[in-house]
Amino acid sequence: MKILISACLLGEDVRYDGENSSIAQGSSFTFSQKELFMDILCDNDIYSFCPEVSGGLPTPREAAEIVSRTKPFIVQNKDKTDVTINFLVGAKGALDLCNEEGIKVALLKSKSPSCGNEEIYDGTFSKNLIQGQGLTAKLLIENDIEVFNENQLNQLKKFIKTNS
Ligand code: SF4
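Reading guide: rules and limits
- Numbers given for residues are sequential positions, taken from 1 along each chain in its written order.
- Reporting of local features is limited, given that this is a predicted model, to residues whose pLDDT is at least 70; pairs of side-chain atoms are given and counted only at 80 or more, and all residues count toward the totals for whole chains, interfaces and linings.
- Only hydrogens and water are set aside when side-chain values are computed; all heavy atoms of the structure are taken into account.
- Only DSSP runs of H or I covering at least 4 residues are called helices, and only runs of E covering at least 2 are called strands; the numbering of each starts at the N terminus.
- Burial status follows relative accessibility: with a 1.4 Å probe on protein chains alone, a residue under 20% of its type maximum counts as buried, one over 50% as exposed, and anything between as partly exposed.
- Contacts between residues were defined by any pair of non-hydrogen atoms, one from each residue, lying within 4.5 Å.
- When we say a residue is near a molecule or strand, we mean one of its heavy atoms is within 4 Å of it.
- Gly falls in the polar group here, along with every residue not listed as nonpolar (Ala, Val, Leu, Ile, Met, Phe, Trp, Tyr, Cys, Pro) or charged (Asp, Glu, Lys, Arg).
- A pair of strands is treated as paired once DSSP finds two or more bridges between them.
- N or O atoms closer than or at 3.5 Å make up a polar contact, with two conditions inside protein: a donor-capable atom paired with an acceptor-capable one, and, for residues adjacent in sequence, both atoms drawn from side chains.
- Axis definition: a line fit to C-alpha positions, over the contact stretch in the case of helices; interaxial angles, taken between N-to-C directions, run 0 to 180 degrees.

### Some details on the overall build of the protein
Counting its regular elements, the protein contains five helices and eight strands. Listed N to C, the secondary structure of the protein is β-α-β-α-β-β-α-β-β-β-α-β-α in terms of helices and strands. Principal-axis analysis of the C-alpha atoms places the extent of the protein at approximately 45 × 35 × 25 Å. Looking at the protein as a whole, 46% of its 164 residues qualify as buried. Long-range contacts, defined here as pairs at least 24 residues apart, represent 64% of the contacts in the protein between residues at least 6 apart.

What follows is the structure, encoded as structure tokens:
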């Protein structure tokens, strides 16, 4: 199965702070989670993608949060620089890739203002999480693409098994 995966989860240094969120090498993941992740990588066609880099933002970059969660969306850095257009371009790029390649499922990084599928920061830069989706995750879900995060590898594996 074809799977879109957040580039940072694959170990690419594309995060805002110039680091990555590698599942395979991250200390916050258990050995069995890493093993499961490696199985998923080996058994499927992987498409690595970072919406924020694809949307034209540099690495490293200022952390950004979604300050308006309904249309018109507004995404800003802490200093209030508006980066909404970059986030929207990145989200559209992810959807275009899924449509072009027939990708029906994505594994995206949790809590990100682009990739988060269940929770995001509340737009006040105070580390408060709220229910909600990053702009890329939201666009993919609205277009019937299943989105899982790095803490939902078992659910992803089940989805692959059921839909292969
Ligand atoms: S936009 Fe997504 S892929 Fe890129 S660094 Fe943030 S969480 Fe990772």
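### So, the site of the ligand
Taken together, the neighbourhood of the ligand is formed by 14 residues, with Cys8, Cys50, Glu52, Lys109 and Cys115 sitting nearest. Classifying every residue of the shell around the ligand gives seven nonpolar, three polar and four charged.

### Re the pairing of strand β3 (residues 64-68)
In terms of burial, β3 is a largely internal element, four of the five residues being buried. For β3 and strand β4 (residues 74-77), the ladder comprises four bridges, and the chain directions are antiparallel. Residue pairing across strands places Ile66 opposite Val75, the latter belonging to β4. Counted along the chain from β3 to the antiparallel partner β4, the turn is five residues long.

### Structural notes on the environment of Ser48
By the element assignment, Ser48 lies in strand β2 (residues 45-49). Residue Ser48 is classed as partly exposed on the basis of its relative accessible area, which comes to 32%. In this structure, the C-alpha to C-alpha distance between Ser48 and Thr59, residues 11 residues apart in sequence, is 16 Å. In contact with Ser48, other than residues within four places in its own chain, are Ile5, Ala7, Leu10 and Glu12. A distance of 2.6 Å separates a polar atom in the side chain of Ser48 from a polar atom in the side chain of Glu12.

### Some details on the sheet that holds β2
Taken together, four strands build an open sheet; the order of strands is β2-β1-β5-β8 and the sheet is parallel. Lying at the two open borders of the sheet, with one neighbouring strand each, are β2 and β8 (146-148). The sheet shows a mean angle of 25° between the axes of neighbouring strands, direction not considered. Sheet topology places strand β1 (residues 2-6) next to β2; five bridges connect them, and they run parallel. Each bridged residue has a counterpart across the sheet, and for Ser6 the counterpart in β2 is Phe49. Along the sheet, helix α1 (residues 31-43) contacts β1, β2 and β5 (105-107); its crossing angle with β1, the most-contacted strand, is approximately 130°.

### A word on unusual backbone geometry
Residue Pro60 is bonded to the preceding Thr59 through a cis peptide linkage, with omega at -5°. Each neighbour pair has its own omega, and for Lys71 with Pro72 the value is -5°, a cis peptide bond. Within the secondary structure, Pro72 is located in the loop between β3 and β4. Of note, Lys127 is a non-glycine position whose phi angle comes to about 65°, a positive value. Inspection of the secondary structure assignment puts Lys127 in the loop between β6 (119-121) and β7 (129-131). Phi is positive for Asp144, close to 65°, though the residue is something other than glycine. Relative to the elements of secondary structure, Asp144 occurs in the loop between α4 (135-142) and β8.

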